[in-house]
Amino acid sequence: MFQRIGFADADSGLEEAEYVVVGLPFDGTASFRSGSRDGPDAIRLASFNFESYDFQYGVDLSDLKICDLGNMELGADPAYAEETIKEGIALLPERAVPIFLGGEHSITPAIVEGLGQRAGALGVLVLDAHLDLREEYGCTRASHACASRRILEKDVLAGYASLGIRSGSREEFVWAGENGISYFTARQVRVEGIDAVLDRAMEKLQCERLYLSIDLDVLDPAYAPAVGNPEPFGLSSWDVKRVIERLAPRLVGLDINELTPAYDRGETALLAARLARDFIAARAKHKIL
């Protein structure tokens, strides 16, 4: 099920791991730019750019028990990919916090279901430029453009909010309003600041166990140009970093998705790798305290 490839400082075995990195190289429903299947390995390569020591948190990642399981073999069929992801999650030790590297955003509903079935209901915060609330797109309900709609249908979901929104169809915004879906726009972050908006999102979630899904297109293309569906007027890299450092202590896992590495010179992969490493360091610091 897994092919082995390494994330920097991921030198531990699965039996002892505190953190486990899993690549999900699927982009079978890409609608504008394809190539996010190359995202996991691009993030891994970029991870070797950084020092193992994170001075902000006083944590050295080389001292932590991090395991990289490599990439799941997901094929090209969304249904097969979904079942494979859920089966793979069932094999992960509950003590290990998973970091999933995408792949397109259609990976996230299966992750949420798999983690919920393993350890109980959870709230989900999605960072995304798009609502992703379509019933179907491109003749499939499994499209990346339907990711949040599919998440909302999961029985294991205890709460949901999305943050960074600045795009969607008329029907999606109408459906969100009619169904009381909590979303917060990039303009709100710009005007009010990330902390104030994140506070409001957390009030809506009201969940002890949280999962974070980061679609890299939540970032302005100035920071992350190599994504499947870039959307101007987005969040800054500092905004996303702040979300991670605030939520890391209570996250049961996260995914970083929609990197299409062919569309820049590696800048977006570097940012994705640093966000993953920041998460590990921030959570490890909390455990030390």
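Residues numbered from 1 in each chain as written. Predicted model: local features only at pLDDT ≥ 70, side-chain atom pairs only at ≥ 80, totals over all residues. Heavy atoms only, no water.

**Quick word on the overall build of the protein chain**
Cut-off, in case you're wondering: For the purposes of this entry, the term helix denotes a DSSP run of H or I that reaches at least four residues, the term strand denotes a run of E that reaches at least two, and both are numbered from the N terminus. To get the radius of gyration, use the C-alpha atoms; to get the globule rule, take the number of residues to the power 0.38 and multiply by 2.2 Å. The contact rule is simple, with two residues in contact once any of their heavy atoms fall within 4.5 Å.
Each helix and strand in the protein chain was counted, giving nine helices and 11 strands. In terms of C-alpha radius of gyration, the protein chain reaches 17 Å, essentially the compact-globule figure of 19 Å for 289 residues. In terms of principal-axis extent, the alpha carbons of the protein chain reach across some 50 × 40 × 40 Å. The long-range share in the protein chain, meaning contacts at least 24 apart out of those at least 6 apart in sequence, stands at 78%.

**Some remarks on the environment of Leu64**
We count it as follows: Burial status follows relative accessibility: with a 1.4 Å probe on protein chains alone, a residue under 20% of its type maximum counts as buried, one over 50% as exposed, and anything between as partly exposed.
By the secondary structure assignment, Leu64 is in the loop between strand 4 (59-60) and strand 5 (66-72). A relative accessible area of 15% means that Leu64 is categorised as buried. Ignoring sequence-local partners within four residues, the contact set of Leu64 consists of Ser12, Glu18, Tyr19, Val59, Ile280 and Ala284.

**A look at the pattern of salt bridges**
Between side chains of opposite charge, pairing is possible as soon as their charged atoms come close. We apply this condition: Every case where a carboxyl oxygen of Asp or Glu lies within 4 Å of a side-chain nitrogen of Lys or Arg is listed as a salt bridge.
Per the stated rule, a full pass over the model turns up 23 salt bridges. The residue Lys86 makes a salt bridge to Glu82 at a minimum N-O spacing of 3.9 Å. Note that Lys86 and Glu82 are positioned in helix 2 (residues 78-90) at a spacing of four residues, about one turn of the helix. With a closest N to O distance of 2.8 Å, Arg141 and Glu135 form a salt bridge. Each of the salt bridges in this network shares a partner with another, and the network as a whole consists of Glu82, Glu83, Lys86, Glu113 and Lys154.

**Things to note about empty space enclosed by the protein**
Rolled over the atoms, a probe with the dimensions of a water molecule shows which regions are left empty. Going by this rule: Every definition here rests on a 1 Å grid over the protein atoms only: cavities are sets of points where a 1.4 Å probe fits but cannot get out, pockets are open sets enclosed by protein on both sides within 12 Å along at least five of seven lines, and lining residues have some atom within 4 Å of a point. Grid points are joined across faces, edges and corners, and a volume is the space filled by probe spheres set on the points. Side-chain classes are defined by residue name, with Ala, Val, Leu, Ile, Met, Phe, Trp, Tyr, Cys and Pro counting as nonpolar, Asp, Glu, Lys and Arg as charged, and the others, Gly among them, as polar.
Enumeration over the complete set of coordinates arrives at one cavity of 30 Å³ or more. Around the largest cavity sit Asp27, Ala30, Ser31, Phe32, Arg33, Ser36, His144, Gly228, Asn229 and Glu258, which together line it. Residues belonging to the lining of the largest cavity are distributed by class as follows: two nonpolar, five polar and three charged.

**Overview of the environment of Gly28**
With respect to the helices, strands and loops of the structure, Gly28 is situated in the loop between strand 2 (19-24) and helix 1 (39-47). Along the primary structure Gly28 and Lys241 are separated by 213 residues, whereas in three dimensions their C-alpha atoms are 29 Å apart.

**Things to note about the nonpolar core**
Soluble globular proteins tend to pack their nonpolar side chains together in the buried interior. Operational definition: Side-chain atoms within 4.5 Å link the members of a nonpolar core, which is a set of buried Ala, Val, Leu, Ile, Met, Phe, Trp, Tyr and Cys residues.
In terms of nonpolar packing, the biggest core is built from 59 residues, with Leu125 and Leu163 touching the most fellow members. For this core, the element with the most residues is helix 9 (residues 267-288), which contributes 11 residues. Leaving out residues up to four positions away in the same chain, Leu163 has contacts with Leu125, Val126, Leu127, Asp128, Phe184, Val189, Ile194, Val197, Leu198, Val218 and Leu235. By size, the runner-up hydrophobic cluster in this structure holds 34 residues, among which are Ile89, Val156, Tyr160 and Val252.

**Re the pairing of strand 8 (residues 157-165)**
Applied cut-off: Any two strands with at least two DSSP bridges between them are considered paired. With strands facing away from the observer, any crossover in which the path from the first strand over the helix to the second runs clockwise is taken as right-handed.
Buried residues dominate strand 8, accounting for eight of its nine residues. Here six bridges tie strand 7 (residues 122-127) to strand 8, and the two strands are oriented parallel to one another. Across the sheet, the residue bridging to Leu127 is Leu163, located in strand 8. For the segment spanning strand 7, helix 4 (residues 147-152) and strand 8, crossover handedness is right-handed. The sheet contact formed by strand 8 and strand 9 (residues 183-185) spans three bridges and is parallel. Looking at strand 9, one finds that Leu163 is bridged to Phe184. Crossover strand 8 to strand 9 through helix 5 (residues 170-178) is right-handed.

**A word on unusual backbone geometry**
The amide bond that connects Gly102 to the next residue, Gly103, takes the cis arrangement and shows omega of 15°. In this structure, Gly103 sits in the loop between strand 6 (97-102) and helix 3 (108-119). Although it is not a glycine, Asp9 adopts a positive phi angle of roughly 70°. Looking at where Asp9 falls in the secondary structure, it is placed in the loop between strand 1 (2-3) and strand 2. For Asp9, a relative accessible area of 18% gives the class buried. Positive phi is not limited to glycine here, since Cys139 has a value of about 65°. Positionally, Cys139 belongs in the loop between strand 7 and helix 4. Residue classification places Cys139 among the exposed positions, given a relative accessible area of 76%.

Without other data, these values stay purely geometric and don't point to any function.
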